[in-house]
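# A structural walkthrough
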Amino acid sequence: MKTIDELLAEGVAGKRVFVRADLNVPLDGTTITDDGRIRAVRPTVSALAAAGARVVVASHLGRPKGAPDPAFSLAPAAARLGELLGSEVAFATDTVGESARATVAALTDGQVAVIENLRFNAGETSKDDAERGAFADQLAELADLYVGDGFGAVHRKHASVFDLPARLPHAAGGLIATEVGVLKKLTEDVARAYAVVLGGAKVSDKLGVIDHLLEKADRILIGGGMAYTFLKAQGHEVGISLLQEDQVPAVQGYLKRAEELGVEFVLPVDVLVAHEFPDLKTKAPAHPTTVAADAIPADQEGLDIGPATRELYAAKLADAATVFWNGPMGVFEHPDYAEGTKAVAQALVDSPAFSVVGGGDSAAAVRILGFDENAFGHISTGGGASLEYLEGKTLPGLAALED
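Below is a summary of the structure that appears in this document. (Residues numbered from 1 in each chain as written. Predicted model: local features only at pLDDT ≥ 70, side-chain atom pairs only at ≥ 80, totals over all residues. Heavy atoms only, no water.)

## Details of the pairing of strand β10 (residues 219–222)
- Burial along β10 is two-sided: the residues R219 and L221 and I220 and I222 are all buried.
- Across 4 bridges, strand β9 (residues 194–198) lies against β10 in parallel orientation. Along β10, the bridge assignment pairs L198 with I222.
- Of the crossover connections in this fold, the one passing from β9 over helix α8 (residues 207–213) to the parallel β10 is right-handed.
- Where β10 meets strand β11 (residues 264–266), 3 bridges bridge the pair, whose relative direction is parallel. Along β11, the bridge assignment pairs L221 with V266. (Buried < 20%, exposed > 50% of the residue type's maximum accessible area, 1.4 Å probe, protein only. Helix = DSSP H or I, 4+ residues; strand = E, 2+ residues; numbered from the N terminus. Pairing = 2+ DSSP bridges. Right-handed = clockwise from strand over helix to strand, strands pointing away.)

So, in structure tokens, the structure goes:
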């Protein structure tokens, strides 16, 4: 895989360089609530611009249905990138149309432009190779070179991620090189003890990574909504908590296999429960109660791990040498249910382990809860990509960058 350093050494002055970034940031209207992904790609864009390239940055945002939708415009992300770069960033109001062609043509050496949301064109995500390839052909007309640096999208077989690198000389950006290097530390010659913390809503989203990590991890800690499927698999009442009943047999199989392999599964011993889901807009007090994990009332739902579980999980992480964490422990967006996620984050800060926060809601939680990002070994920009890599899958966007 060619690196951006090699590309820069060959010279990029005057050349149009297409950077497939990941600017898929959360928005409240037009206000960016977490700019971590934009900050992550800034070094690559800055290095190319400083070397005299004419940089064309492209990304998706959200899930528009293959047509323009103002709610998913990249305009706020383009403006924020300009602020981070300290220079004006031009913005094209389409992907491959008149605005994009004119905006790119107007660039001079060292200037940067962002084109509109790639998913405004149905060809970006099409499952039809010809349709996807036709869109990639149009994108290729905007550039001379390709740099893949959108790690959060490399698990997608999309036109700008998979097909476009085949049409242009290509290299991996600094962010992707860093992300892959970190993930190798989680899969090859791992420093032990190796602890994995998995949370989030659905156990089905994590089955693949659990299956793969059973052969690698020393202990797996479970929290979030997915914990209730595990508790149900042990025969416990979970009330009206989030439950994937159809996954109970699979979870029972993993618990049995973990016991056979000597992998420690750590489940909540107590949880915070309430009669209804909290109001995340008003953040009105929820007044939860704490109950044992095997005594959840039939008319209540679990919304966070309890204080005893927080202490237990902190102890299980204290002696680890490597930790991978993906998924919050509860509804961290509400202050009454943020303590579990906060406790895991603090345990990683306190631990000497090499800690990796696996993107997505976990990365957002770290920032929202006020932690110093530098206190962690690495905060990934791609939750889904990280999980699929740890599952041992081939990621299309990485395969496309191989020479």
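## Things to note about the packing of aromatic side chains
- Inspection of every chain in the model, using the stated rule, returns 3 aromatic pairs.
- Relative to F265, the ring of F230 lies with its centre 5.5 Å away and its plane at 40°, an arrangement referred to as tilted. A residue pair is termed long-range when its members are at least 10 positions apart, and F230 in helix α9 (residues 227–233) and F265 in strand β11 qualify at 35 residues.
- Looking at K185, its charged tip hangs above the ring of F354, at a distance of 4.7 Å from the centre. (Phe/Tyr/Trp six-rings, centres within 6.5 Å; stacked < 30°, edge-to-face > 60°. Lys NZ or Arg CZ within 6 Å of the ring centre and 35° of its normal.)

## Thoughts on the pattern of salt bridges
- For the coordinates displayed, the defined rule picks out 22 salt bridges.
- Of the charged contacts, one joins R367 and D34 as a salt bridge, the two residues approaching to 3.0 Å between their closest N and O atoms. With a gap of 333 residues between them, R367 in helix α13 (residues 360–368) and D34 in the loop between β3 (31–32) and α2 (36–50) connect regions that are remote in the sequence.
- For R367, a relative accessible area of 22% gives the class partly exposed.
- Residue D34 is classed as buried on the basis of its relative accessible area of 13%.
- The shortest N-O distance in the salt bridge between R219 and E264 comes to 3.7 Å. Of this pair, R219 sits in strand β10 while E264 sits in strand β11; the two residues are 45 residues apart in sequence, bridging distant segments of the chain.
- By relative accessible area, which is 30% here, E264 ends up partly exposed.
- Among the charged side chains, a network of salt bridges with common partners joins D34, D35, R39, R80, E83, R367 and E373. (Salt bridge = Lys/Arg side-chain N within 4 Å of Asp/Glu carboxyl O.)

## Focus on the side chain of H60
- Mapping H60 onto the fold places it in the loop between β4 (54–58) and α3 (75–85).
- At 3.2 Å, the side chain of H60 and the side chain of R20 are in polar contact.
- Setting aside chain neighbours within four positions, we find H60 in contact with R20, D22, L23, N24, L74, N117, L118, R119 and A153. (Polar contact = N/O pair within 3.5 Å; in protein donor to acceptor, adjacent residues only side chain to side chain. Contact = heavy atoms within 4.5 Å.)

## Some details on the nonpolar core
- In terms of nonpolar packing, the biggest core is built from 63 residues, with F18, I115, I210, I220, I222, F230 and F265 touching the most fellow members.
- Considering every element that reaches this core, the biggest residue donor is helix α10 (residues 248–261), with 5 residues.
- What I222 contacts, discounting residues up to four positions off in sequence, is L198, A227, F230, F265, V266, L267, P268 and Y313. (Core = buried A, V, L, I, M, F, W, Y, C linked by side-chain atoms within 4.5 Å.)

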